[in-house]
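A closer look at the structure
Take a look at the letters that make up each chain.
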Amino acid sequence: MARILLVEDDLWSRRLAFELLELRGHDVLCAAGVTDGRAQLDTVKFDAVLLDINIPGGGGELLLHEIREYNAVMPVIAFTASTMAGDRARFLAEGFTGHVGKPIDVKSFADTVEQFLTPPA
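Residues numbered from 1 in each chain as written. Predicted model: local features only at pLDDT ≥ 70, side-chain atom pairs only at ≥ 80, totals over all residues. Heavy atoms only, no water.

1. What about the pattern of salt bridges?
Pairing is possible between side chains of opposite charge, provided their charged atoms come close. Tallying each qualifying case throughout the model produces nine salt bridges. Between glutamate 66 and arginine 38 there is a salt bridge whose closest N-O contact spans 2.7 Å. With glutamate 66 in helix α3 (residues 60-70) and arginine 38 in helix α2 (residues 34-43), this pair connects stretches of sequence that are 28 residues apart. The partner of arginine 90 in a salt bridge is glutamate 94, and the shortest N-O contact between them spans 3.3 Å. On the criterion of helical spacing, the pair formed by arginine 90 and glutamate 94 is a turn pair, its members being four residues apart in helix α4 (residues 87-94). Relative accessible area serves as the criterion here: at 35%, arginine 90 is assigned to the partly exposed category. By sharing partners, the salt bridges in this structure join Glu61, Asp87, Arg90 and Glu94 into a single network. (Salt bridge = Lys/Arg side-chain N within 4 Å of Asp/Glu carboxyl O. Helix = DSSP H or I, 4+ residues; strand = E, 2+ residues; numbered from the N terminus. Buried < 20%, exposed > 50% of the residue type's maximum accessible area, 1.4 Å probe, protein only.)

2. A closer look at the packing of aromatic side chains
The final tally for this structure, using the stated rule, is two aromatic pairs. Considering the side-chain rings of phenylalanine 79 and phenylalanine 109, the 5.7 Å spacing of their centres and the 50 degrees angle between planes classify their relative orientation as tilted. Of this pair, phenylalanine 79 sits in strand β4 (residues 76-80) while phenylalanine 109 is found in helix α5 (residues 109-114), placing the two residues 30 residues apart along the sequence. The burial state of phenylalanine 79 is the same as that of phenylalanine 109; both residues are buried. The aromatic ring of phenylalanine 91 is capped on one face by arginine 90, whose charged end is 4.3 Å from the ring centroid. Its end group placed over the ring of phenylalanine 79, lysine 102 keeps NZ or CZ at 4.9 Å from the ring centre. (Phe/Tyr/Trp six-rings, centres within 6.5 Å; stacked < 30°, edge-to-face > 60°. Lys NZ or Arg CZ within 6 Å of the ring centre and 35° of its normal.)

3. Thoughts on the environment of threonine 97
Its location among the elements puts threonine 97 in the loop between α4 and β5 (98-101). For the pair threonine 97 and alanine 78, spaced 19 residues apart in the sequence, the C-alpha separation amounts to 7.7 Å. Apart from the residues lying within four places of it in its own chain, the contact partners of threonine 97 are Arg68, Met74, Pro75, Val76, Leu92 and Phe116. In terms of polar contacts, threonine 97 uses its side chain to reach the side chain of arginine 68, at 3.3 Å. (Contact = heavy atoms within 4.5 Å. Polar contact = N/O pair within 3.5 Å; in protein donor to acceptor, adjacent residues only side chain to side chain.)

4. A few points about the pairing of strand β2 (residues 27-31)
When strand β1 (residues 3-7) meets β2, the two strands line up parallel, connected through five bridges. Paired with valine 7 across the strands is alanine 31, a residue of β2. In terms of handedness, the path from β1 via helix α1 (residues 11-23) over to β2 forms a crossover that is right-handed. (Pairing = 2+ DSSP bridges. Right-handed = clockwise from strand over helix to strand, strands pointing away.)

5. Some words on unusual backbone geometry
Cis geometry marks the peptide bond from lysine 102 to proline 103, where omega comes out at 5 degrees. If you trace the backbone, proline 103 turns up in the loop between β5 and α5.

Quick look at the structure:
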């Protein structure tokens, strides 16, 4: 399965996402903000990043742009409560691979994340 970096500052969202992905057999490492996320990315090779937008240290968009400087193809999924009309398109235009809204839908969360892990045919 995949090694996923989950960057989320909300403890409950982080725990739930972690548990759901781990139950599917993924190796999930967590970070609470940009600085922690950067440190993880510097030391571990990930298959994907699940990235909250409103995180300490500059926000998810900042970390996304840093990731894209050295890795243009790794899936980076916006994990956010920003689910208004146009938000998904905005995140995709910024360079995110996909968008997963909060609150988490327990039944579909892992399936939704996994659709971004498989490279397109």
